[in-house]
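# Secondary and tertiary structure notes
Read off the chains here:
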Amino acid sequence: MTYNVSISIALAVLAGILALLTIATAMRRAFVNAHDRRQGRLEAALRPRLLRLLATEDPDLDALAPQGKHAGRVLDALAAGLLPKLRGSDRAGVVELLERRGAVDRACRATMSRRAVLRARAAEQLGNIGLHRTQPDVARLLHDRHPEVRAAAARALGKQGDVESAPSLLRALDNGLVPANVVSMALMRLGDRSAPLLEMTLRESSVPSRVVCCELLGLFGAVGAVPAIAAIATTDPGYWSRLAAIRALGRIGSPKCLAPLLTCLHADRHAHRAEAARALGRLGATDAIAELVAALDDEHDVAFAAAAALTALGPEGMRTLETIGATPLRAGRYATEALIVHALEHERHAPSQFAAA
Amino acid sequence: MTRVLIVDDDPDIRELMEFKLNQMGFEVHTEGDGESGYAAACDVLPDVVVLDWMMPKLSGLEVCAQLRATPALERVGVILLTGKSQEADVQRGFAAGADDYILKPFSPRELVSRVEAVLARRTP
(Lines give C-alpha, C1' and ligand atoms only; values in the text may rest on other atoms or scores of the structure.)
Protein backbone atom coordinates (compact mmCIF):
# COMPACT_ATOMS: atom_id res chain seq x y z
CA MET A 1 0.00 0.00 0.00
CA THR A 2 2.74 2.48 1.03
CA TYR A 3 4.73 1.50 -2.05
CA ASN A 4 1.73 2.19 -4.33
CA VAL A 5 1.15 5.58 -2.71
CA SER A 6 4.82 6.52 -3.18
CA ILE A 7 4.68 5.56 -6.85
CA SER A 8 1.49 7.58 -7.32
CA ILE A 9 3.00 10.63 -5.66
CA ALA A 10 6.17 10.34 -7.74
CA LEU A 11 4.12 10.05 -10.95
CA ALA A 12 1.98 13.02 -9.95
CA VAL A 13 5.09 15.13 -9.26
CA LEU A 14 6.60 14.07 -12.60
CA ALA A 15 3.36 14.92 -14.42
CA GLY A 16 3.30 18.28 -12.66
CA ILE A 17 6.89 19.04 -13.72
CA LEU A 18 6.12 18.03 -17.30
CA ALA A 19 3.03 20.22 -17.34
CA LEU A 20 5.01 23.18 -15.98
CA LEU A 21 7.76 22.67 -18.57
CA THR A 22 5.18 22.47 -21.37
CA ILE A 23 3.53 25.68 -20.16
CA ALA A 24 6.91 27.41 -19.82
CA THR A 25 7.95 26.33 -23.35
CA ALA A 26 4.63 27.45 -24.83
CA MET A 27 4.86 30.79 -23.03
CA ARG A 28 8.40 31.36 -24.23
CA ARG A 29 7.44 30.49 -27.79
CA ALA A 30 4.46 32.84 -27.62
CA PHE A 31 6.71 35.58 -26.22
CA VAL A 32 9.32 35.09 -28.97
CA ASN A 33 6.61 35.06 -31.67
CA ALA A 34 5.05 38.22 -30.27
CA HIS A 35 8.49 39.88 -30.13
CA ASP A 36 9.24 38.85 -33.73
CA ARG A 37 5.86 40.12 -34.92
CA ARG A 38 6.39 43.43 -33.14
CA GLN A 39 9.90 43.67 -34.57
CA GLY A 40 8.58 42.90 -38.06
CA ARG A 41 5.88 45.58 -37.74
CA LEU A 42 8.39 48.16 -36.58
CA GLU A 43 10.83 47.26 -39.35
CA ALA A 44 8.08 47.44 -41.97
CA ALA A 45 7.12 50.90 -40.70
CA LEU A 46 10.63 52.30 -40.27
CA ARG A 47 12.47 50.83 -43.29
CA PRO A 48 10.71 52.84 -46.03
CA ARG A 49 11.01 56.01 -43.92
CA LEU A 50 14.74 55.46 -43.50
CA LEU A 51 15.35 54.62 -47.18
CA ARG A 52 13.22 57.54 -48.35
CA LEU A 53 15.11 59.86 -46.05
CA LEU A 54 18.48 58.63 -47.34
CA ALA A 55 17.30 59.06 -50.92
CA THR A 56 16.60 62.77 -50.42
CA GLU A 57 19.18 65.43 -51.12
CA ASP A 58 20.40 67.02 -47.88
CA PRO A 59 18.27 64.82 -45.59
CA ASP A 60 16.94 66.12 -42.25
CA LEU A 61 18.18 63.25 -40.07
CA ASP A 62 16.38 64.52 -36.97
CA ALA A 63 13.06 64.04 -38.75
CA LEU A 64 13.42 60.33 -38.19
CA ALA A 65 12.79 60.05 -34.48
CA PRO A 66 10.93 56.85 -33.63
CA GLN A 67 8.83 56.64 -30.48
CA GLY A 68 10.17 54.35 -27.79
CA LYS A 69 13.45 52.64 -26.96
CA HIS A 70 12.63 49.44 -28.85
CA ALA A 71 11.70 51.27 -32.05
CA GLY A 72 14.94 53.23 -31.73
CA ARG A 73 16.96 50.04 -31.54
CA VAL A 74 15.17 48.63 -34.59
CA LEU A 75 16.00 51.82 -36.51
CA ASP A 76 19.65 51.62 -35.43
CA ALA A 77 19.85 47.98 -36.57
CA LEU A 78 18.28 48.85 -39.93
CA ALA A 79 20.66 51.75 -40.46
CA ALA A 80 23.69 49.67 -39.41
CA GLY A 81 22.60 46.93 -41.84
CA LEU A 82 22.78 49.43 -44.71
CA LEU A 83 26.37 50.47 -44.01
CA PRO A 84 28.15 47.59 -45.82
CA LYS A 85 25.98 48.19 -48.91
CA LEU A 86 26.65 51.89 -49.35
CA ARG A 87 29.53 54.25 -49.95
CA GLY A 88 30.04 57.93 -50.51
CA SER A 89 27.78 60.62 -49.09
CA ASP A 90 24.87 58.20 -48.63
CA ARG A 91 27.01 56.07 -46.33
CA ALA A 92 28.19 59.18 -44.51
CA GLY A 93 24.51 60.08 -43.98
CA VAL A 94 23.86 56.72 -42.29
CA VAL A 95 26.95 57.15 -40.08
CA GLU A 96 25.81 60.63 -39.09
CA LEU A 97 22.34 59.29 -38.27
CA LEU A 98 23.84 56.59 -36.03
CA GLU A 99 26.09 59.14 -34.33
CA ARG A 100 23.22 61.52 -33.62
CA ARG A 101 21.11 58.70 -32.22
CA GLY A 102 23.90 57.72 -29.83
CA ALA A 103 24.33 54.30 -31.43
CA VAL A 104 28.10 54.80 -31.80
CA ASP A 105 28.58 55.62 -28.12
CA ARG A 106 26.35 52.68 -27.15
CA ALA A 107 28.49 50.36 -29.29
CA CYS A 108 31.66 51.74 -27.67
CA ARG A 109 30.18 51.01 -24.24
CA ALA A 110 29.13 47.53 -25.41
CA THR A 111 32.79 46.68 -26.10
CA MET A 112 33.04 46.45 -22.29
CA SER A 113 29.93 44.30 -21.87
CA ARG A 114 30.20 41.16 -19.76
CA ARG A 115 28.69 39.09 -22.60
CA ALA A 116 31.16 38.03 -25.29
CA VAL A 117 28.50 38.03 -28.01
CA LEU A 118 27.70 41.70 -27.30
CA ARG A 119 31.38 42.66 -27.36
CA ALA A 120 31.86 40.89 -30.71
CA ARG A 121 28.71 42.50 -32.12
CA ALA A 122 29.86 45.93 -30.95
CA ALA A 123 33.24 45.41 -32.65
CA GLU A 124 31.52 44.41 -35.88
CA GLN A 125 29.22 47.43 -35.73
CA LEU A 126 32.07 49.85 -35.01
CA GLY A 127 34.02 48.28 -37.89
CA ASN A 128 31.11 48.92 -40.26
CA ILE A 129 30.67 52.48 -39.01
CA GLY A 130 34.40 53.11 -39.51
CA LEU A 131 34.88 56.17 -37.31
CA HIS A 132 38.48 56.99 -36.39
CA ARG A 133 37.61 57.94 -32.80
CA THR A 134 36.32 54.42 -32.03
CA GLN A 135 39.59 52.72 -33.08
CA PRO A 136 41.01 52.42 -29.51
CA ASP A 137 37.81 50.74 -28.27
CA VAL A 138 38.03 48.12 -31.01
CA ALA A 139 41.81 47.69 -30.71
CA ARG A 140 41.38 46.95 -26.99
CA LEU A 141 39.27 43.91 -27.91
CA LEU A 142 42.31 42.34 -29.61
CA HIS A 143 43.26 41.31 -26.05
CA ASP A 144 39.81 39.96 -25.15
CA ARG A 145 39.71 36.60 -23.36
CA HIS A 146 37.44 35.11 -26.08
CA PRO A 147 39.15 34.20 -29.39
CA GLU A 148 35.98 34.96 -31.38
CA VAL A 149 35.84 38.48 -29.96
CA ARG A 150 39.53 39.01 -30.79
CA ALA A 151 38.94 37.83 -34.37
CA ALA A 152 35.86 40.08 -34.68
CA ALA A 153 37.97 43.01 -33.44
CA ALA A 154 40.71 42.29 -36.01
CA ARG A 155 38.16 42.14 -38.82
CA ALA A 156 36.56 45.36 -37.55
CA LEU A 157 39.91 47.17 -37.50
CA GLY A 158 40.44 46.12 -41.11
CA LYS A 159 37.03 47.48 -42.08
CA GLN A 160 37.71 50.75 -40.27
CA GLY A 161 40.68 51.16 -42.61
CA ASP A 162 42.69 53.15 -40.07
CA VAL A 163 46.41 52.59 -40.72
CA GLU A 164 47.10 53.26 -37.01
CA SER A 165 45.62 49.81 -36.35
CA ALA A 166 48.47 48.03 -38.17
CA PRO A 167 50.87 47.84 -35.15
CA SER A 168 48.11 46.47 -32.89
CA LEU A 169 47.18 43.87 -35.49
CA LEU A 170 50.78 42.77 -35.97
CA ARG A 171 51.33 42.54 -32.20
CA ALA A 172 48.18 40.42 -31.89
CA LEU A 173 49.60 38.13 -34.57
CA ASP A 174 53.01 37.99 -32.91
CA ASN A 175 51.42 37.05 -29.58
CA GLY A 176 49.25 34.40 -31.19
CA LEU A 177 46.04 36.22 -30.20
CA VAL A 178 44.47 36.28 -33.67
CA PRO A 179 44.91 33.75 -36.52
CA ALA A 180 47.27 34.81 -39.31
CA ASN A 181 44.58 34.67 -42.03
CA VAL A 182 42.32 37.07 -40.12
CA VAL A 183 45.18 39.53 -39.52
CA SER A 184 46.25 39.24 -43.20
CA MET A 185 42.78 40.14 -44.42
CA ALA A 186 42.53 43.04 -41.98
CA LEU A 187 45.94 44.42 -43.02
CA MET A 188 45.02 43.90 -46.66
CA ARG A 189 42.00 46.14 -46.15
CA LEU A 190 44.22 48.85 -44.66
CA GLY A 191 45.95 48.96 -48.04
CA ASP A 192 49.48 49.87 -49.08
CA ARG A 193 49.63 52.77 -46.58
CA SER A 194 50.67 50.15 -44.05
CA ALA A 195 53.65 49.05 -46.22
CA PRO A 196 56.35 51.07 -44.31
CA LEU A 197 55.23 49.54 -41.03
CA LEU A 198 55.14 46.03 -42.52
CA GLU A 199 58.68 46.54 -43.79
CA MET A 200 59.86 47.57 -40.32
CA THR A 201 58.14 44.57 -38.79
CA LEU A 202 60.11 42.23 -41.08
CA ARG A 203 63.22 42.82 -38.98
CA GLU A 204 61.84 42.25 -35.51
CA SER A 205 58.97 39.80 -35.45
CA SER A 206 58.05 36.14 -35.24
CA VAL A 207 57.92 33.82 -38.25
CA PRO A 208 54.09 34.11 -38.67
CA SER A 209 54.38 37.91 -38.71
CA ARG A 210 57.22 37.82 -41.22
CA VAL A 211 55.15 35.51 -43.46
CA VAL A 212 52.15 37.86 -43.35
CA CYS A 213 54.31 40.96 -43.90
CA CYS A 214 56.12 39.40 -46.89
CA GLU A 215 52.87 38.21 -48.48
CA LEU A 216 51.24 41.63 -48.10
CA LEU A 217 54.28 43.59 -49.26
CA GLY A 218 54.31 41.35 -52.33
CA LEU A 219 50.62 41.94 -52.98
CA PHE A 220 51.03 45.71 -52.50
CA GLY A 221 53.97 45.68 -54.95
CA ALA A 222 56.17 47.47 -52.41
CA VAL A 223 59.31 48.11 -54.47
CA GLY A 224 60.93 50.02 -51.59
CA ALA A 225 60.80 46.91 -49.43
CA VAL A 226 62.76 44.73 -51.89
CA PRO A 227 66.09 44.82 -49.95
CA ALA A 228 64.37 43.80 -46.69
CA ILE A 229 62.37 41.06 -48.41
CA ALA A 230 65.47 39.85 -50.28
CA ALA A 231 67.27 39.51 -46.94
CA ILE A 232 64.47 37.28 -45.65
CA ALA A 233 64.37 35.29 -48.91
CA THR A 234 68.07 34.50 -48.82
CA THR A 235 69.05 34.29 -45.15
CA ASP A 236 65.98 33.87 -42.91
CA PRO A 237 66.02 30.73 -40.76
CA GLY A 238 62.22 30.29 -41.06
CA TYR A 239 61.07 27.89 -43.79
CA TRP A 240 57.68 29.59 -44.35
CA SER A 241 59.02 33.14 -44.12
CA ARG A 242 61.61 32.42 -46.80
CA LEU A 243 58.96 30.88 -49.02
CA ALA A 244 56.68 33.92 -48.57
CA ALA A 245 59.59 36.32 -49.24
CA ILE A 246 60.54 34.54 -52.48
CA ARG A 247 56.90 34.65 -53.62
CA ALA A 248 56.73 38.35 -52.72
CA LEU A 249 59.82 39.14 -54.84
CA GLY A 250 58.12 37.53 -57.84
CA ARG A 251 54.95 39.51 -57.23
CA ILE A 252 56.74 42.86 -56.85
CA GLY A 253 58.33 42.27 -60.23
CA SER A 254 61.10 44.87 -59.97
CA PRO A 255 64.44 44.27 -61.76
CA LYS A 256 66.01 44.51 -58.28
CA CYS A 257 64.33 41.18 -57.46
CA LEU A 258 66.33 39.27 -60.09
CA ALA A 259 69.62 38.85 -58.17
CA PRO A 260 68.07 37.57 -54.89
CA LEU A 261 65.79 35.22 -56.84
CA LEU A 262 68.75 33.76 -58.73
CA THR A 263 70.42 33.19 -55.35
CA CYS A 264 67.25 31.45 -54.11
CA LEU A 265 67.34 29.16 -57.15
CA HIS A 266 70.32 27.54 -55.40
CA ALA A 267 68.75 27.40 -51.90
CA ASP A 268 69.14 24.27 -49.76
CA ARG A 269 65.41 23.43 -49.68
CA HIS A 270 63.83 22.28 -52.95
CA ALA A 271 60.54 24.07 -52.14
CA HIS A 272 62.47 27.37 -52.01
CA ARG A 273 64.18 26.62 -55.31
CA ALA A 274 60.83 25.75 -56.94
CA GLU A 275 59.24 28.95 -55.59
CA ALA A 276 62.21 30.95 -56.91
CA ALA A 277 61.73 29.39 -60.36
CA ARG A 278 58.03 30.34 -60.31
CA ALA A 279 58.91 33.88 -59.17
CA LEU A 280 61.44 34.28 -62.00
CA GLY A 281 58.73 33.29 -64.46
CA ARG A 282 56.37 35.85 -62.95
CA LEU A 283 59.14 38.43 -63.11
CA GLY A 284 59.50 37.77 -66.84
CA ALA A 285 63.28 37.68 -66.38
CA THR A 286 64.81 36.58 -69.69
CA ASP A 287 68.23 37.06 -68.05
CA ALA A 288 67.38 34.02 -65.93
CA ILE A 289 66.90 31.62 -68.89
CA ALA A 290 70.27 29.89 -68.49
CA GLU A 291 69.70 29.37 -64.74
CA LEU A 292 66.17 28.06 -65.34
CA VAL A 293 67.44 25.65 -67.99
CA ALA A 294 69.97 24.35 -65.45
CA ALA A 295 67.11 23.92 -62.96
CA LEU A 296 65.40 21.48 -65.38
CA ASP A 297 67.86 18.86 -64.07
CA ASP A 298 66.94 19.58 -60.43
CA GLU A 299 64.37 17.66 -58.33
CA HIS A 300 60.92 17.08 -59.82
CA ASP A 301 59.05 20.11 -58.38
CA VAL A 302 61.94 22.48 -59.21
CA ALA A 303 62.26 21.16 -62.78
CA PHE A 304 58.49 21.37 -63.26
CA ALA A 305 58.39 24.97 -61.96
CA ALA A 306 61.43 25.98 -64.05
CA ALA A 307 59.86 24.63 -67.24
CA ALA A 308 56.59 26.46 -66.49
CA ALA A 309 58.57 29.64 -65.76
CA LEU A 310 60.30 29.40 -69.15
CA THR A 311 56.89 29.41 -70.89
CA ALA A 312 56.23 32.75 -69.17
CA LEU A 313 59.38 34.33 -70.61
CA GLY A 314 57.96 34.98 -74.07
CA PRO A 315 59.31 33.78 -77.44
CA GLU A 316 62.84 33.43 -76.10
CA GLY A 317 61.75 31.07 -73.31
CA MET A 318 59.47 29.12 -75.66
CA ARG A 319 62.26 28.64 -78.24
CA THR A 320 64.56 27.40 -75.49
CA LEU A 321 61.93 24.88 -74.36
CA GLU A 322 61.36 23.67 -77.95
CA THR A 323 65.09 23.10 -78.40
CA ILE A 324 65.40 21.19 -75.11
CA GLY A 325 62.13 19.34 -75.77
CA ALA A 326 63.60 17.89 -78.95
CA THR A 327 66.33 16.11 -76.95
CA PRO A 328 65.87 12.71 -75.26
CA LEU A 329 67.15 14.08 -71.94
CA ARG A 330 65.12 14.18 -68.66
CA ALA A 331 65.00 17.99 -69.00
CA GLY A 332 63.49 17.50 -72.47
CA ARG A 333 60.48 15.68 -70.97
CA TYR A 334 59.82 18.60 -68.59
CA ALA A 335 60.16 21.03 -71.51
CA THR A 336 57.67 19.07 -73.64
CA GLU A 337 55.20 18.82 -70.75
CA ALA A 338 55.40 22.58 -70.12
CA LEU A 339 54.81 23.34 -73.80
CA ILE A 340 51.73 21.10 -73.87
CA VAL A 341 50.32 22.61 -70.65
CA HIS A 342 50.97 26.11 -71.99
CA ALA A 343 49.15 25.31 -75.26
CA LEU A 344 46.16 23.92 -73.33
CA GLU A 345 46.04 26.94 -70.99
CA HIS A 346 46.23 29.28 -73.98
CA GLU A 347 43.30 27.45 -75.58
CA ARG A 348 41.30 27.60 -72.33
CA HIS A 349 41.79 31.34 -71.92
CA ALA A 350 41.07 32.22 -75.52
CA PRO A 351 38.67 35.21 -75.89
CA SER A 352 35.84 32.89 -77.03
CA GLN A 353 35.11 32.06 -73.38
CA PHE A 354 33.68 35.54 -72.87
CA ALA A 355 31.34 35.13 -75.77
CA ALA A 356 30.26 31.74 -74.41
CA ALA A 357 29.63 33.25 -70.96
CA MET B 1 8.79 59.27 -68.95
CA THR B 2 12.09 57.37 -68.90
CA ARG B 3 11.64 53.85 -67.55
CA VAL B 4 14.24 52.14 -65.38
CA LEU B 5 14.04 48.50 -64.34
CA ILE B 6 15.99 47.47 -61.22
CA VAL B 7 16.70 43.76 -60.77
CA ASP B 8 18.37 42.93 -57.45
CA ASP B 9 17.66 40.31 -54.81
CA ASP B 10 18.52 42.70 -51.95
CA PRO B 11 15.33 44.58 -50.98
CA ASP B 12 17.29 47.40 -49.30
CA ILE B 13 19.26 48.15 -52.46
CA ARG B 14 16.16 47.78 -54.62
CA GLU B 15 14.09 50.21 -52.54
CA LEU B 16 16.87 52.71 -52.04
CA MET B 17 17.47 52.91 -55.79
CA GLU B 18 13.73 53.06 -56.42
CA PHE B 19 13.29 56.05 -54.09
CA LYS B 20 16.32 57.79 -55.50
CA LEU B 21 15.39 57.30 -59.16
CA ASN B 22 11.74 58.15 -58.51
CA GLN B 23 12.88 61.38 -57.00
CA MET B 24 14.87 62.17 -60.13
CA GLY B 25 11.70 61.77 -62.20
CA PHE B 26 12.21 58.25 -63.57
CA GLU B 27 9.46 55.65 -63.81
CA VAL B 28 10.91 52.77 -61.80
CA HIS B 29 10.04 49.05 -61.84
CA THR B 30 11.72 46.52 -59.56
CA GLU B 31 12.19 42.74 -59.53
CA GLY B 32 13.96 40.41 -57.11
CA ASP B 33 15.40 37.69 -59.40
CA GLY B 34 16.79 37.26 -62.89
CA GLU B 35 13.90 35.29 -64.35
CA SER B 36 11.18 37.75 -63.32
CA GLY B 37 13.58 40.57 -64.21
CA TYR B 38 13.81 39.39 -67.81
CA ALA B 39 10.02 38.86 -67.96
CA ALA B 40 9.46 42.38 -66.59
CA ALA B 41 11.89 43.80 -69.15
CA CYS B 42 9.90 42.18 -71.98
CA ASP B 43 6.71 43.59 -70.48
CA VAL B 44 7.83 47.10 -69.51
CA LEU B 45 10.38 47.73 -72.30
CA PRO B 46 12.61 49.90 -70.09
CA ASP B 47 15.18 52.42 -71.31
CA VAL B 48 17.76 51.27 -68.75
CA VAL B 49 18.09 48.06 -66.72
CA VAL B 50 20.16 48.00 -63.53
CA LEU B 51 21.18 44.39 -62.96
CA ASP B 52 22.71 42.68 -59.98
CA TRP B 53 25.13 39.91 -61.06
CA MET B 54 24.53 37.25 -58.39
CA MET B 55 20.80 36.54 -58.33
CA PRO B 56 18.53 33.53 -57.92
CA LYS B 57 17.21 31.65 -60.98
CA LEU B 58 19.12 33.67 -63.65
CA SER B 59 22.34 35.59 -63.06
CA GLY B 60 22.63 39.21 -64.13
CA LEU B 61 25.06 38.17 -66.84
CA GLU B 62 22.57 35.67 -68.27
CA VAL B 63 19.78 38.24 -68.17
CA CYS B 64 22.06 40.73 -69.94
CA ALA B 65 22.84 38.19 -72.69
CA GLN B 66 19.11 37.41 -73.06
CA LEU B 67 18.25 41.11 -73.32
CA ARG B 68 20.81 41.54 -76.09
CA ALA B 69 19.35 38.54 -77.91
CA THR B 70 15.79 39.94 -77.76
CA PRO B 71 15.12 42.24 -80.75
CA ALA B 72 12.77 44.57 -78.83
CA LEU B 73 15.34 45.01 -76.07
CA GLU B 74 18.68 44.91 -77.83
CA ARG B 75 19.08 48.72 -77.55
CA VAL B 76 18.25 48.89 -73.85
CA GLY B 77 20.98 50.36 -71.62
CA VAL B 78 22.34 47.81 -69.13
CA ILE B 79 24.24 48.68 -65.96
CA LEU B 80 25.71 45.80 -63.94
CA LEU B 81 25.78 46.39 -60.19
CA THR B 82 27.99 43.84 -58.49
CA GLY B 83 30.52 43.04 -55.82
CA LYS B 84 32.70 41.22 -58.38
CA SER B 85 35.70 43.48 -58.76
CA GLN B 86 38.24 41.30 -60.59
CA GLU B 87 39.47 42.50 -63.95
CA ALA B 88 38.22 39.29 -65.61
CA ASP B 89 34.74 39.83 -64.13
CA VAL B 90 34.56 43.35 -65.51
CA GLN B 91 35.65 42.00 -68.91
CA ARG B 92 32.97 39.31 -68.76
CA GLY B 93 30.36 41.91 -67.86
CA PHE B 94 31.17 44.09 -70.84
CA ALA B 95 31.51 41.07 -73.13
CA ALA B 96 27.96 40.02 -72.15
CA GLY B 97 26.74 43.40 -73.41
CA ALA B 98 26.69 45.66 -70.34
CA ASP B 99 27.08 49.41 -70.97
CA ASP B 100 28.42 50.22 -67.53
CA TYR B 101 29.66 48.47 -64.43
CA ILE B 102 29.19 49.65 -60.83
CA LEU B 103 30.87 48.01 -57.87
CA LYS B 104 29.16 47.28 -54.55
CA PRO B 105 29.17 48.88 -52.04
CA PHE B 106 27.72 51.60 -54.21
CA SER B 107 26.66 55.22 -54.06
CA PRO B 108 23.02 55.78 -55.11
CA ARG B 109 23.94 59.30 -56.26
CA GLU B 110 26.65 57.90 -58.54
CA LEU B 111 24.18 55.33 -59.85
CA VAL B 112 21.76 58.09 -60.89
CA SER B 113 24.58 59.86 -62.75
CA ARG B 114 25.51 56.64 -64.52
CA VAL B 115 21.90 55.95 -65.51
CA GLU B 116 21.74 59.46 -66.97
CA ALA B 117 25.05 58.95 -68.78
CA VAL B 118 23.92 55.67 -70.31
CA LEU B 119 20.68 57.29 -71.43
CA ALA B 120 22.58 60.22 -72.94
CA ARG B 121 24.85 57.85 -74.89
CA ARG B 122 21.86 55.89 -76.19
CA THR B 123 19.91 58.97 -77.34
CA PRO B 124 20.67 59.51 -81.05
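In this text, all values refer to a predicted model and were calculated from it rather than measured experimentally. (Residues numbered from 1 in each chain as written. Chains lettered and ligands numbered in written order. Predicted model: local features only at pLDDT ≥ 70, side-chain atom pairs only at ≥ 80, totals over all residues. Heavy atoms only, no water.)

### Here we look at helix α15 (residues 270–283) of chain A
Residue and element names in this part refer to chain A. Here α15 spans 20 Å end to end across 14 residues, near enough to the 20 Å set by a 1.5 Å rise per residue. Of all the 14 residues making up α15, 11 are buried; the element is thus mostly covered by neighbouring parts of the structure. Those residues of α15 not exposed but buried are Ala271, His272, Arg273, Ala274, Glu275, Ala276, Ala277, Ala279, Leu280, Gly281 and Leu283. (Helix = DSSP H or I, 4+ residues; strand = E, 2+ residues; numbered from the N terminus. Expected span 1.5 Å × (residues − 1). Buried < 20%, exposed > 50% of the residue type's maximum accessible area, 1.4 Å probe, protein only.)

### Brief notes about the sheet that holds strand β3 (residues 48–52) of chain B
All names here are of chain B. On the basis of which strands lie adjacent, the open sheet formed by 5 strands has the order β2-β1-β3-β4-β5 and parallel pairing. Edge strands, defined here as strands with exactly one partner in the open sheet, are β2 (27–31) and β5 (100–103). Neighbour-to-neighbour, the strand axes of this sheet turn through a mean angle of 20 degrees, independent of strand direction. Lying on the sheet, helix α2 (residues 34–44) is in contact with β1 (3–7) and β2; it crosses β1 at an angle near 170 degrees. Contacts between helix α4 (residues 87–95) and the sheet are confined to β4 (77–82) and β5, with β5 contributing the most and set at about 145 degrees to the helix. (Pairing = 2+ DSSP bridges. Axes fitted to C-alpha atoms, helices over the stretch in contact; angles between N-to-C directions. Contact = heavy atoms within 4.5 Å.)

### Looking at the packing of aromatic side chains
Two numbers describe a pair of aromatic rings. These are the distance of the centres and the angle of the planes. All names here are of chain B. Evaluated as defined, the whole model comprises 3 aromatic pairs over all chains. A ring pair is formed by Trp53 and Tyr101, whose centres lie 6.5 Å apart and whose planes are at 85 degrees; its orientation type is edge-to-face. Here Tyr101 lies in strand β5 and Trp53 lies in the loop between β3 and α3 (60–69), a separation of 48 residues in the sequence. For Trp53, a relative accessible area of 5% translates into the label buried. Residue class for Tyr101 comes out buried when judged on its relative accessible area of 9%. In this structure an aromatic cluster arises from ring pairing among Trp53, Phe94 and Tyr101. Sitting above the plane of the Trp53 ring, Lys84 keeps its charged end 5.2 Å from the centroid. (Phe/Tyr/Trp six-rings, centres within 6.5 Å; stacked < 30°, edge-to-face > 60°. Lys NZ or Arg CZ within 6 Å of the ring centre and 35° of its normal.)

### A closer look at helix α12 (residues 226–235) of chain A
Those residues of α12 of chain A that fall on the buried side of the exposure criterion are Val226, Ala228, Ile229, Ala230, Ile232 and Ala233 of chain A. The secondary structure elements touched by the buried residues of α12 of chain A are α10 (195–201), α11 (207–220), α13 (239–252) and α14 (258–264) of chain A.

### Overview of the pairing of β4 of chain B
All names here are of chain B. A large share of β4 lies buried, amounting to 6 of its 6 residues. Both faces of β4 are covered, namely the face carrying Gly77, Ile79 and Leu81 and the face carrying Val78, Leu80 and Thr82. Taken together, the 5 bridges between β3 and β4 define a ladder with parallel strand orientation. Residue pairing for β4: Val49 is matched across the bridge by Val78. Each parallel crossover has a hand, and the one from β4 via α4 to β5 is right-handed. (Right-handed = clockwise from strand over helix to strand, strands pointing away.)

### Looking at the nonpolar core
Counting residues in hydrophobic clusters, the biggest one holds 127 residues, and the most contacted among them are Leu187, Leu280 and Leu292 of chain A together with Val115 of chain B. Among residues more than four places away in sequence, those in contact with Leu280 of chain A are Leu258, Leu261, Leu262, Leu265, Ala285, Ala288, Leu292 and Leu313 of chain A. (Core = buried A, V, L, I, M, F, W, Y, C linked by side-chain atoms within 4.5 Å.)

### Looking at the packing of α13 of chain A against α15 of chain A
All names here are of chain A. Two elements in contact, α13 and α15, have axes separated by 7 Å at closest approach and are oriented at 10 degrees. Judged on the interaxial angle alone, α15 and α13 are roughly parallel. Between α13 and α15 the crossing geometry is right-handed. Of the residues in α15, those touching α13 at Tyr239, Arg242, Leu243, Ile246, Arg247, Leu249, Gly250 and Arg251 are Ala271, His272, Glu275, Ala276, Ala279, Arg282 and Leu283. Tallied by class, residues from the contact of α13 with α15 come to 8 nonpolar, 2 polar and 5 charged. (Parallel < 35°, antiparallel > 145°, perpendicular 65-115°, else oblique. Left-handed = near helix turned anticlockwise from the far one by under 90°. Nonpolar A, V, L, I, M, F, W, Y, C, P; charged D, E, K, R; others polar.)

### Considering the packing of helix α17 (residues 300–311) of chain A against helix α18 (residues 314–325) of chain A
Residue and element names in this part refer to chain A. Running from N to C, α17 and α18 cross one another at 135 degrees; their axes reach a closest spacing of 7 Å. Relative to α18, the element α17 lies oblique. Residues Ala307, Leu310 and Thr311 of α17 form the contact with α18, whose participating residues are Gly314, Gly317, Met318 and Leu321. Looking at side-chain class alone, the contact of α17 with α18 contains 4 nonpolar, 3 polar and no charged residues.

### Considerations on the confidence of the model for chain A
The pLDDT averaged across chain A works out to 89; a share of 96% of its residues lies at or above 70. Considering only residues more than four positions removed or in separate chains, one finds that residues 353–357 of chain A, a stretch of pLDDT under 50, has 7 contacts. (pLDDT = per-residue confidence, 0-100.)

### Here we look at the interface of chain A and chain B
Counting residues at the interface gives 17 residues for chain A, matched by 21 residues for chain B. Joining chain A to chain B, the criterion identifies 6 salt bridges. Broken down by element, the side of chain A that touches chain B gets its largest block of residues, 6 residues, from helix α1 (residues 2–55) of chain A. Looking at the side of chain A that touches chain B residue by residue, the class counts come to 9 nonpolar, 2 polar and 6 charged. (Salt bridge = Lys/Arg side-chain N within 4 Å of Asp/Glu carboxyl O.)

### Overview of the environment of Leu103 of chain B
Here Leu103 of chain B lies in strand β5. Its relative accessible area of 33% is what places Leu103 of chain B among the partly exposed residues. Discounting chain neighbours no more than four positions away, the residues touching Leu103 of chain B are Arg87 of chain A together with Thr82, Lys84 and Ser85 of chain B.

### Considering the pairing of β1 of chain B
All names here are of chain B. In terms of residue burial, β1 counts as a mostly covered element, since 4 of its 5 residues are buried. Direction of pairing for β1 relative to β2: parallel, over a ladder of 5 bridges. For Val4, the partnering residue across the bridge sits in β2 and is Val28. In the classification by handedness, the crossover that spans β1, the intervening helix α1 (residues 11–23) and the parallel β2 is right-handed.

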